[in-house]
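# Examining the three-dimensional arrangement
Here are the chains, one letter per residue:
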Amino acid sequence: MSMAAEERSVRAPWALTAPALMLFVGVLLIPLVMTVMLSFHDWGQYKGIEPVFILKNWHEIATDPYYAEMFWRTFRIAILTTVLTALLGAPEAYILNRMSGRWKSFFLLVILGPLLISVVARTLGWALLFGGNNGLVNKLLMSLGVMRSPIPFMFTETGMVIALAHVMMPFMVLSVWAALQRLDPQIENAAMSLGAGPVTIIRRIIMPQIMPGVLSGAIIVFSLSASAFATPAIIGGRRLKVAATLAYDEFLNTLNWPLGAAVATLLLVALVLIVVGSNALIERRYAEVFR
Amino acid sequence: MAYLELDRVAKQFGTQTVVDDFSLSVGKGEFISFLGPSGCGKTTTLQMIAGFLDPTRGAIRLEGKDLTAIHPAKRGLGIVFQSYALFPHMTAAENVAFGLEMRNVPRNERAERVRSALAMVGLAGYEDRHPRRMSGGQQQRVALARALVIKPSVLLLDEPLSNLDAKLREEMQIELRQIQRTVGTTTILVTHDQNEAMSLSDRIVVMSQGKIEQIGTPQETYEKPASAFVSQFLGKTNDFAGTIDRTATPAQLVAGSWSAPAPVGLSGPVTVSIRPERIGFGDAGLSAKIITRIFQGNHWLFQCDSECGPAIVIRQNDGKAQPGEGETVRLIWRPEDMSVRARTVA
């Protein structure tokens, strides 16, 4: 190969990926770097943003227990949502996979249907059903005399977890479904012929093989839940803030952009660490199943 | 007495009959093959024995006991699946041990039996390998060890060799036969490969469209096919249209310019079937022209155009001169080498 050709073959990949790379740098990397830089700037009620390098925002986040509580709440909600989707979604995917053709495609559509509707509309649906004294379900239960006061759903963590689990369910079901597709269709018969009962088959044969699917679904659900904005904003309101809604408030209500940027940066870093770390753990643990 | 008995077993899916009127007695230690094209009902029959499907009609008995009343997990049959269906998250040893664990075999005995089962299939030292790190042939052996380690009353093999390449398949055939002889387990093999069925089994059940066409030893099914389907499916065959003339004395079977004394029983139009390797070239007989001549090492293959339609002739390469392409020859065969069936004239 001549020198020129060699040079060209080195340059070609860069040239070919340049448009996408520029888009990536332009709309993701630069704003991200700017956000990180913003988190070190100063802000005052009257002076606005001052482009200096100080650790004031970070110091505030680190020392004020308000932020610790808020981050702890964010991750508690995300973890509970993840557990709930895994507990419901994995059996759901398994049952779905065992259904016969026509029913299978029908119920798959039912499960994926929510993805076609905006998160805001879906979450408002919960609010319509459980929102205070006027919520449809609350009204019905109270007029039937089953309950005296509305079900505590709105502005509670429980409500947020349930609504988030509802929104995130398709991701878990799809992820487990994908893992189930990789199963040998005869594997259950094989275990049965060796004397295993239905519970043993699920526990010893099916579960270990779909676990990677459950865990990768969990990573998706966890990171989406921890950074979710619409559902916590509607169900949690101003009272029960999570990291995403807090950052939003700092940016648009208090107009303290640097503090909002610090919250957003911390959320991003925490999420990246958790996701990358657990992914590495899973891949090591399930190396044989992933192969 | 029959060890495993299938009595007029039938299976219907909706209005479609997949297996019909299937009766078979299998002796203890026998190696039986279900042979037929795909969709002939052979796998369905195997699955009914295994218990993954319930027969619509008929009974399946093992040592006189009704097998269909027993849950598949309790039947104690060893099954090797076409895809092997090994547990990918377990090592070879764990795979083999699974059936013993389900039977609550004590740990020490379990380890010993797993070790000897893997050694029997030639996989000593592969205990800690995971299936996905093994070749197709090795996975096949693990599946076989897993099925045999539980000392099954019957071993069911569902096209176990069809995913292997030709050379490995041949090796595994020989090995499978040796293992089956050593262990003495009654075995049923489902296959669409006639060579596999012939080289492995004591008896072959030839099936077509859900029905049994013939049950017999490999030699019987090859030499005396009970139907046109059997003769076509098991190896190559030549079918010539002939007639039996009972007005002549003695009665004559005539096919083109070939004739022989007629066999008893039949008269009128008949089909004469002869295996290509039983046809020779002679001075008088069916007149034919050689279209192509192919040399295949140990034999010659001739494709001829005869008075009674296309004919295939196989001659051993015995070093003698063979007729060339375009030559006109006379085809002859011994009456005992042919089978004659009544032919319906459209």
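All figures in this text were calculated on a predicted structure; none of them were measured in a lab.

About the criteria used
- The numbers attached to residues start from 1 for each chain and follow its sequence in the written order.
- As they are written, the chains are lettered A onward and the ligands numbered 1 onward, keeping that order.
- Reporting of local features is limited, given that this is a predicted model, to residues whose pLDDT is at least 70; pairs of side-chain atoms are given and counted only at 80 or more, and all residues count toward the totals for whole chains, interfaces and linings.
- Segments assigned H or I by DSSP are reported as helices when at least four residues long, segments assigned E as strands when at least two residues long, and all are numbered from the N terminus.
- For the radius of gyration, the atom set is restricted to C-alpha positions; the globular benchmark scales as 2.2 Å times the number of residues to the power 0.38.
- Here the C-beta atoms are placed from the backbone, and a residue counts as buried if at least 20 other C-beta atoms lie within 10 Å of its own, exposed if 12 or fewer do, and partly exposed otherwise.
- UniProt positions are given in the numbering used here, feature names are shortened, and annotations may be inferred rather than shown by experiment.
- A pair of residues counts as a contact when their C-beta atoms, built from backbone coordinates, are within 7 Å of each other.
- DSSP calls a pair of strands paired once it identifies at least 2 bridges connecting them.
- Lines are fitted to the C-alpha atoms to define the axes, a helix being fitted only along its stretch in contact, and any angle between axes, read from their N-to-C directions, falls within 0 to 180 degrees.
- To estimate the expected span of a helix, count its residues, drop one, and scale the result by 1.5 Å.
- All the domain ranges listed were derived from an automatic or database domain assignment.
- Throughout this entry, Asp, Glu, Lys and Arg are counted as charged residues, while Ala, Val, Leu, Ile, Met, Phe, Trp, Tyr, Cys and Pro are counted as nonpolar. The remaining residues, Gly among them, count as polar.
- Crossover handedness is defined here as right-handed if the route from the first strand over the helix to the second strand goes clockwise, with the strands pointing away from the viewer.

Before going further, it helps to spend a moment on the overall build of chain A. When its secondary structure is counted, chain A shows 13 helices and two strands. Here chain A has a C-alpha radius of gyration of 24 Å; the compact-globule value for 291 residues is 19 Å, and the former is much larger. Taking the principal axes of the C-alpha coordinates as reference, chain A spans close to 85 × 75 × 35 Å. Within chain A, the proportion of its 291 residues that are buried is 30%.

It is worth spelling out the UniProt feature "transmembrane region" (unreviewed entry) in chain A at this point. All names here are of chain A. UniProt annotation of "transmembrane region" (unreviewed entry) refers to residues 12-34, 75-94, 106-131, 151-180, 213-235 and 255-282 when read in the numbering used here. From the first C-alpha to the last, residues 75-94 spans 28 Å; its make-up is 100% helix and 0% strand. Taken end to end, residues 255-282 is 93% helix and 0% strand, and its two terminal C-alpha atoms sit 41 Å from one another.

What follows covers the interface of chain B and chain A. Contacts between the two partners involve 19 residues from chain B and, on the opposite side, 17 residues from chain A. Among the elements that make up the side of chain B that touches chain A, the one with the highest residue count is helix H2 (residues 92-102) of chain B (three residues).

Another point: the sheet that holds strand E3 (residues 31-35) of chain B. Residues and elements named next belong to chain B. Taken in spatial order, the six strands of this open sheet run E6-E7-E8-E3-E9-E10, and their pairing is mixed. A strand with exactly one partner marks an edge of an open sheet, and here the two such strands are strand E6 (78-80) and strand E10 (211-216). Put simply, the sheet's adjacent strands are angled 15 degrees from each other on average, direction ignored. Strand direction decides the pairing type here: E3 and strand E9 (residues 203-208), joined by four bridges, are parallel. Considered in E9, the bridge of isoleucine 32 is made with arginine 203.

It is worth spelling out the sheet that holds strand E16 (residues 286-295) of chain B at this point. All names here are of chain B. The strand order across the open sheet formed by five strands is E15-E19-E16-E17-E18, and the pairing between neighbours is antiparallel. Every other strand in the sheet has two partners, leaving strand E15 (280-282) and strand E18 (309-316) as the edge strands with one partner each. Taking the axes of each pair of neighbouring strands and ignoring which way they run, one obtains an average angle of 50 degrees across the sheet.

We now examine helix H12 (residues 257-285) of chain A. Here H12(A) contains 29 residues, and its C-alpha end-to-end distance of 42 Å stays within 8% of the 42 Å for a straight helix at 1.5 Å per residue. Three or more residues of H12(A) are buried, namely Trp257(A), Pro258(A), Leu259(A), Gly260(A), Ala261(A), Ala262(A), Val263(A), Ala264(A), Thr265(A) and Leu267(A).

On to the domain arrangement of chain B, then. All names here are of chain B. Domain boundaries assigned for chain B yield domain 1 (4-232) and domain 2 (236-342). Between the C-alpha centres of domain 1 and domain 2 there is a distance of 39 Å. Grouping the constituent residues of the side of domain 1 that touches domain 2 by class yields two nonpolar, two polar and one charged.

On to the pairing of strand E8 (residues 186-191) of chain B, then. All names here are of chain B. Across the six residues of E8, six count as buried, placing the element largely inside the fold. Burial along E8 is two-sided: the residues Thr186, Ile188 and Val190 and Thr187, Leu189 and Thr191 are all buried. In terms of strand pairing, E3 meets E8 through five bridges, oriented parallel. Directly across from phenylalanine 34, in E8, lies its bridge partner valine 190. Pairing geometry for strand E7 (residues 154-158) and E8, over five bridges, is parallel. Bridge assignment links leucine 156 to a residue of E8, and that residue is isoleucine 188. Each parallel crossover has a hand, and the one from E7 via helix H5 (residues 166-183) to E8 is right-handed.

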